[in-house]
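Listed below are the residues making up each chain.
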Amino acid sequence: MKAAGFSFAIIKASEGVDLPKSGTADYFKQDAYNTYNAGLKVHAYHMFDATSTAKKEADHFAARVDPVKPKICSVFVDVEYENLSKNKDTLTNFVKTFITELNRKGYKNVGIYTYYNFYKTRLNGSKLTGNLLWIARYNATLGMKADVWQHRDTKRTIKGVNGSFNFDLTYNKAIGG
């Protein structure tokens, strides 16, 4: 990845309050260390389920990230599931609770990941200012201000890496270097 020109990776650490499930392979710590040792900036994210309390999810995420916390630059809460509250203020408050709990645990570079339409229709962005923003929009332009823009580049290949990828552009040196 480094040889291909990438400067950072954002690695999934958890989901809800029970991922990874007991008995399943867990590569988060290994991936975080390998990414760091390769000279890339390491960031982590949590898939927000909100079927439990936001605080419990933040506790679970922090427990997963804490062992590699010195290697982690930023953390994100991924808010995109359709089953999340349809009430904009309720969902925004859940996200704020998650972020506040991470701040309380010493995580200062906290952000929100979601896709463009979800951010515009399901979250109250004016109540989430002061946090990093990572927006997915598979379009020719992002169309809004954000720290990171996730876009799909299906023609891009990386020597030695298999699979399809979501590629991100960052506008924030603290994220990408």
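Everything discussed here concerns the structure shown above.
Residues numbered from 1 in each chain as written. Predicted model: local features only at pLDDT ≥ 70, side-chain atom pairs only at ≥ 80, totals over all residues. Heavy atoms only, no water.

A. Looking closely at the sheet that holds strand β5 (residues 132-136). The mixed open sheet is built from seven strands, whose spatial order is β1-β2-β3-β4-β5-β6-β7. On the outer flanks of this sheet lie β1 (8-15) and β7 (166-170), each paired with one strand and no other. This sheet shows a mean twist of 25 degrees between the axes of neighbouring strands, independent of strand direction. Running at roughly 170 degrees to β1, helix α1 (residues 28-37) makes contact with β1, β2 (41-47) and β3 (72-78) of the sheet. (Pairing = 2+ DSSP bridges. Helix = DSSP H or I, 4+ residues; strand = E, 2+ residues; numbered from the N terminus. Axes fitted to C-alpha atoms, helices over the stretch in contact; angles between N-to-C directions. Contact = heavy atoms within 4.5 Å.)

B. Inspection of helix α3 (residues 88-104) at higher detail. In this model α3 runs 24 Å from its N-terminal to its C-terminal C-alpha over 17 residues, within 8% of the 24 Å that 1.5 Å per residue would give. Burial in α3 covers these residues: Leu-91, Thr-92, Val-95, Phe-98, Ile-99, Glu-101 and Leu-102. On the buried face of α3, the contacting elements are β2, α2 (54-65), β3, β4 (110-115) and α4 (116-122). Of the residues flanking the start of α3, the one acting as N-cap is Asn-87, its side-chain oxygen 3.0 Å from the backbone nitrogen of Asp-89. Phi turns positive one or two residues past the end of α3, at Gly-106, with a value near 100 degrees. (Expected span 1.5 Å × (residues − 1). Buried < 20%, exposed > 50% of the residue type's maximum accessible area, 1.4 Å probe, protein only. Polar contact = N/O pair within 3.5 Å; in protein donor to acceptor, adjacent residues only side chain to side chain.)

C. Seen up close, the pairing of β4. Burial analysis of β4 places five of its six residues in the buried class, which makes it a mostly covered element. Direction of pairing for β3 relative to β4: parallel, over a ladder of four bridges. The residue bridging Asp-78 from the neighbouring strand is Tyr-113, located in β4. Since β3 and β4 lie parallel, the crossover through α3 that links them has a hand, and here it is right-handed. Two elements, β4 and β5, share five bridges in a ladder whose sense is parallel. Across the sheet, residue Tyr-115 finds its bridge partner in β5, namely Ala-136. The parallel pair β4 and β5 is bridged by α4, and the resulting crossover is right-handed. (Right-handed = clockwise from strand over helix to strand, strands pointing away.)

D. Expanded view of the pattern of salt bridges. Applying the stated criterion to the full structure yields nine salt bridges. Residue Lys-105 pairs with Asp-59 through a salt bridge whose shortest N-O separation is 3.1 Å. Separated by 46 residues along the polypeptide, Lys-105 in the loop between α3 and β4 and Asp-59 in helix α2 bring together distant segments of the chain. On the accessibility criterion, Asp-59 (26% relative accessible area) is partly exposed. Its salt-bridge partner being Glu-101, residue Lys-105 comes within 3.5 Å of it at the nearest N-O pair. (Salt bridge = Lys/Arg side-chain N within 4 Å of Asp/Glu carboxyl O.)

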